[in-house]
Amino acid sequence: MIALRLHVRPIRDVASFRAWLRASEFGLVGLAVLTGVLSGLVAVVMGGLARGLHVQLFGPESAHGLSVLRGATPLVLLTMPLLGGILLGAFNLALSRWWPRQPVDPIEANALYGGKLSFRDGLVVAVQNIVSNGFGASVGLEAGYTQAASGVSSWLGQRLGLRRGDLRLLVGCGAAGAIAAAFDAPLTGAFYAFELVIGTYAIASLAPVVASAVTATLVARALSGGTYVVVPGGVAPPGLEGYVLSLLLGLACALAGIALMRGVTFTEATMRRFLRWAPLRPVLGGLVVGLLALVSPIALSAGHGALHLTFATESTGFDIIWLALLKSLAVVISLGAGFRGGLFFASLLLGALVGKVFAAGVDLVLPGMDPLLLSLVGMSAFGSAVVGAPLAMTFLALETTGNFVVAGSVLAAVTVAGLVTRRLFGYSFATWRFHLRGETIRSAHDIGWLRELSVGKLMRRDLRTVRSDTRLASFKRDFPLGSTARVVAVDEKDQYAGLISVPEAYAAAPEVETVEPLLQFRDRALLPAMNAKEAMAVFDTVETEALAVVDGVGSRKVLGLLTASHLLRRYGEEVERRRREETGLMA
């Protein structure tokens, strides 16, 4: 008995801790701090591994950034991306046999699965991302950062038995910490999480997300240091003409961003058409990136060094246009060929280059405009168009410059870029990829609960059916007036035939001998896979209180009955529950 008590007590303590954690806002903040520590470590370790590969494969000069590499031999520039494509193709081939599933993105997990992410998915994406970036493919590490950090935080939340809303929030904390650590920018990380991974902003979620972002930033600074991309105070304050030009630049960046996303999709579709065997695609992509690197090293990796150089140096408009086109082509080829990574940092570099080109054109008609200002505006606007997080991009400009005077012009540009992209394209890059896979989500806003609230879960299964040729007298004997409102009828093949209103059966004319003339909604029924919203649309179209549920359009076997009143009540309860979770009112 003593030994039994010794084993039972710790279990009770763990259960009590879980209960306290789920019910306490302070407990959730503490968990967010732990998530921030883990996210910071993930970003530092992944970044260190990728930079280590750069140095080992391309030489010590790559420590300053692959995109500004000087002195590397042409053979190295050509073969390293090709070798990375071979390794990635082999890894993906082995993965398809041992782990044949598509990794779930943090945005997708929060939108459809209540924040449930696989730790193994995060590890897989991290390895793919490090190989892709480390061997020079033109992709950033931010996708791997967020996937791995969000996967760790989701795994931790699932082990602690967090509620759906808290688990989604913790996934957002992981993403916030990853981005904050990557850019030394806690506000950018926090609003990246709010806009892209959580899908909404609430006062109750502010403390955990900010705690994670700040903690991750401090961890990254302690382990690797952090500097501004632009020297503080190096940007001139914009005048009225600066705001007008920022609006025009935001429009240009939106159009360029849409072209880039379309280019990735076109390249991916073309490679799938002509290269049926998937492992060969990154090999071809690596070869093309290597050839582009022979022209300019800007084609390699994410482009951190090139972004620093863009802000620090002056170049002619034609040179910048050439570099922007070369980098765009490298990005399109890398992602279209299947290299794992994101467009976050590449969009910043391309936006800065577009801003420099725009500034060169403006200087011909309006001399004196600060090209650094327009580069910053372009960086944020292009990022807003592609990534889809306008406030995060605005804070990124503030945190990377340490200069508040750019806030107004940047905010104007990202607003225009986001608006034009939504109207003309409708998606950010992440949600566009979901659309191509057949998903309808456009943000991380939680719609998974709606899919889970299906007709199959809401319907009544304990119902009696009658044959459509049953005599009316027998029907009245079996279903007295007031016993039920409606009865489901089936035909001789036991397939759905229609609904019978019991009051109408008792009011039928004397010449009616069977229930067959009384059948209603013969061709209208619900399917168990329909969600609540789809079912409500059917009820609104048919204008009835109840409908039968059948297993399929062909077999039409009756499974149950669903009433509109029950559907609306359960839908309203779930909507209220989600609203309370998002606003922090759920006890």
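Rules behind the numbers
Residues numbered from 1 in each chain as written. Predicted model: local features only at pLDDT ≥ 70, side-chain atom pairs only at ≥ 80, totals over all residues. Heavy atoms only, no water. Helix = DSSP H or I, 4+ residues; strand = E, 2+ residues; numbered from the N terminus. Buried < 20%, exposed > 50% of the residue type's maximum accessible area, 1.4 Å probe, protein only. Contact = heavy atoms within 4.5 Å. Areas by Shrake-Rupley, 256 points an atom, 1.4 Å probe, with all protein chains shown as cover. Lys, Arg positive; Asp, Glu negative; His and termini not counted. Charge placed at Lys NZ, Arg CZ, Asp CG, Glu CD. Axes fitted to C-alpha atoms, helices over the stretch in contact; angles between N-to-C directions. Parallel < 35°, antiparallel > 145°, perpendicular 65-115°, else oblique. Nonpolar A, V, L, I, M, F, W, Y, C, P; charged D, E, K, R; others polar. Patch = residues over 30% accessible without salt bridge, like charges linked within 9 Å, V, L, I, M, F, W, Y side chains within 5 Å. Salt bridge = Lys/Arg side-chain N within 4 Å of Asp/Glu carboxyl O. Expected span 1.5 Å × (residues − 1). Polar contact = N/O pair within 3.5 Å; in protein donor to acceptor, adjacent residues only side chain to side chain. Core = buried A, V, L, I, M, F, W, Y, C linked by side-chain atoms within 4.5 Å. Domains from an automatic or database assignment. Phe/Tyr/Trp six-rings, centres within 6.5 Å; stacked < 30°, edge-to-face > 60°.

Engineer: Could you clarify how one ought to interpret the overall build of the protein chain in this entry?
Structural biologist: Each helix and strand counted, the protein chain has 24 helices and 5 strands in total. If you line up the protein chain on its principal axes, its C-alpha atoms span 95 × 70 × 55 Å. Of all 587 residues assigned to the protein chain, the portion counted as buried reaches 53%. In the protein chain, the proportion of contacts linking residues at least 24 apart, taken out of those at least 6 apart, comes to 73%. As presented, the protein chain carries roughly 26,400 Å² of accessible surface, and 63% of it is formed by carbon and sulfur atoms. A gap of 6 Å separates the mean positions of the 51 positive and 41 negative side-chain charges of the protein chain.

Engineer: What am I meant to see in unusual backbone geometry here?
Structural biologist: Phi is mostly negative for residues that are not glycine, and the peptide bonds are mostly trans. Its identity as a non-glycine residue notwithstanding, Asp494 has a phi of 65°, on the positive side. Along the chain, the position of Asp494 falls in the loop between β2 (486-490) and β3 (496-501).

Engineer: Just to check I follow, could you spell out the environment of Pro390 for this structure?
Structural biologist: As for its position among the elements, Pro390 is in helix α16 (residues 390-401). Remark: the alpha-carbon pair of Pro390 and Ile107, spanning 283 residues in sequence, is separated by 16 Å. Sequence-distant contacts of Pro390, defined by excluding residues within four places in its chain, comprise Glu195, Ser384 and Val414.

Engineer: For this particular structure, what's the right way to read the packing of helix α8 (residues 186-198) against α16?
Structural biologist: Two quantities define a packed helix pair, namely the angle between the helix axes and the distance between the axes. The contact between α8 and α16 brings their axes to 8 Å, and the two run at 175°. Here α8 is positioned roughly antiparallel relative to α16, judged by the angle of their axes. Counted together, Pro186, Leu187, Thr188, Phe191, Tyr192 and Glu195 of α8 and Pro390, Leu391, Ala392, Phe395, Leu396 and Glu399 of α16 form the full contact between these two elements. For the contact of α8 with α16, the residue count by class is 9 nonpolar, 1 polar and 2 charged.

Engineer: So what exactly am I meant to see when it comes to a nonpolar patch on the surface here?
Structural biologist: Taken together, Tyr201, Ile203, Leu206, Val210, Val214 and Leu218 make up a surface patch of nonpolar side chains, about 520 Å² in accessible area. Turning to its location among the elements, Tyr201 is positioned in the loop between α8 and α9 (203-224). Tyr201 gets classed as partly exposed once you look at its relative accessible area, which sits at 43%.

Engineer: So what exactly am I meant to see when it comes to helix α2 (residues 25-58) here?
Structural biologist: For an α-helix the count is 3.6 residues per turn, leaving residues at separations of three or four pointing the same way. For α2, which comprises 34 residues, the first-to-last C-alpha distance of 48 Å matches the rise-based estimate of 50 Å (1.5 Å per residue) to within 8%. Of the residues one or two after α2, Gly59 is the one with positive phi, at around 105°.

Engineer: What is the right way to read the environment of Asp370 from this model?
Structural biologist: Secondary-structure assignment places Asp370 in the loop between α14 (344-365) and α15 (371-387). In this structure the side chain of Asp370 is engaged in a polar contact, spanning 3.1 Å, whose partner is the backbone nitrogen of Leu372.

Engineer: Mind showing me how you'd approach the side chain of Thr35 here?
Structural biologist: Inspection of the secondary structure puts Thr35 in helix α2. Look past the residues within four positions of Thr35 in its chain and what remains in contact with it is Ser153, Leu170, Cys173, Gly174 and Ser212.

Engineer: How should the pattern of salt bridges be read in this particular structure?
Structural biologist: When the charged atoms of two side chains lie near each other, side chains of opposite charge can form a pair. For the structure on display, the rule yields 6 salt bridges. Between Arg163 and Asp166 there is a salt bridge; the shortest N-O distance is 3.1 Å. Of the residues examined, Arg163 reaches a relative accessible area of 26% and is grouped as partly exposed. For Asp166, a relative accessible area of 12% puts it in the buried group. Linking Arg460 and Asp462 is a salt bridge whose minimum nitrogen-to-oxygen distance equals 3.5 Å. Its relative accessible area of 60% is what places Asp462 among the exposed residues.

Engineer: Can you help me understand the nonpolar core in this one?
Structural biologist: Most often, soluble globular proteins keep nonpolar side chains buried together rather than apart. Counting residues in hydrophobic clusters, the biggest one holds 99 residues, and the most contacted among them are Phe183, Tyr192, Val209, Leu343, Phe344 and Leu348. In terms of residue count, α15 provides more of this core than any other element does, 11 residues in total. Residues from two domains meet in this core; each of domain 1 (12-222) and domain 2 (238-442) gives at least three. Leave out the neighbours within four places in its chain, and Phe183 touches Glu142, Phe344, Phe345, Leu348 and Leu396. Counting residues in hydrophobic clusters, the runner-up holds 17 residues, among them Leu453, Val455, Leu562 and Ala564.

Engineer: What is the right way to look at the packing of aromatic side chains in this model?
Structural biologist: Aromatic ring pairs: the centre-centre distance and the angle between the two ring planes describe each pair. Under the criterion given, the structure shown has 9 aromatic pairs. Consider the rings of Phe119 and Trp155, whose centres lie 6.2 Å apart with planes at 50°: the pair is tilted. Of the two residues, Phe119 is situated in helix α5 (residues 119-134) and Trp155 in helix α6 (residues 142-159); the sequence distance between them amounts to 36 residues. Trp155 gets classed as partly exposed once you look at its relative accessible area, which sits at 41%. Joined through ring pairs, the aromatic side chains of Phe183, Tyr192, Phe344 and Phe345 make up one cluster.

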